[in-house]
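# Chain and residue survey
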Amino acid sequence: MSNKAEKNKQWIEAKKKFRLSNMHIQMARELGMNPKKFGGLANHKQEPWKAPLPVFIEDLYLKRFKKEKPDIVKPLKRMFTPVKIHKYRMHGMLVLFYR
């Protein structure tokens, strides 16, 4: 498996394990966070002074980018799969479909 595929798999596993949304995964990626380190950050039940992981990611994103969420939230699968563009003509106009 290639290095890029392994990293993508780590993000997918982190999303499932820590119950994160597509928005939180995208925010964490933009912040440059490591999905392997989420276990230490998501320990808010045993360490009550820590914020839950989604809240922690939102706070960091707000501090760094001065906005609450990304402008466009892409689904995790769409981030990792290549986009196929299907073209065809309909009534003299070019129509594009992205899958």
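Residues numbered from 1 in each chain as written. Predicted model: local features only at pLDDT ≥ 70, side-chain atom pairs only at ≥ 80, totals over all residues. Heavy atoms only, no water.

Moving on, we get to the nonpolar core. Formed by 14 residues in total, the largest nonpolar core has its most connected members in Phe18, Leu20, Ala28, Met33, Phe38, Leu53 and Ile57. Elements with a contribution of two residues or more to this core: helix H1 (3-17), helix H2 (22-31) and helix H4 (53-65). (Core = buried A, V, L, I, M, F, W, Y, C linked by side-chain atoms within 4.5 Å. Buried < 20%, exposed > 50% of the residue type's maximum accessible area, 1.4 Å probe, protein only. Helix = DSSP H or I, 4+ residues; strand = E, 2+ residues; numbered from the N terminus.)

For the structure on display, the rule yields three aromatic pairs. Ring geometry for Trp11 versus Phe38: centroids 5.9 Å apart, planes at 70°, classification edge-to-face. You can see Trp11 sitting in helix H1 and its partner Phe38 sitting in helix H3 (residues 38-41), a full 27 residues away along the chain. Assessed through its relative accessible area of 7%, Trp11 is described here as buried. Classification of Phe38 as buried rests on a relative accessible area of 0%. Judged by centre distance (5.9 Å) and plane angle (80°), the ring pair of Phe18 and Phe38 falls under edge-to-face. Of the two residues, Phe18 sits in the loop between H1 and H2 while Phe38 sits in helix H3, which places them 20 residues apart along the sequence. For the pair shown, Phe18 and Phe38 are each scored as buried. (Phe/Tyr/Trp six-rings, centres within 6.5 Å; stacked < 30°, edge-to-face > 60°.)

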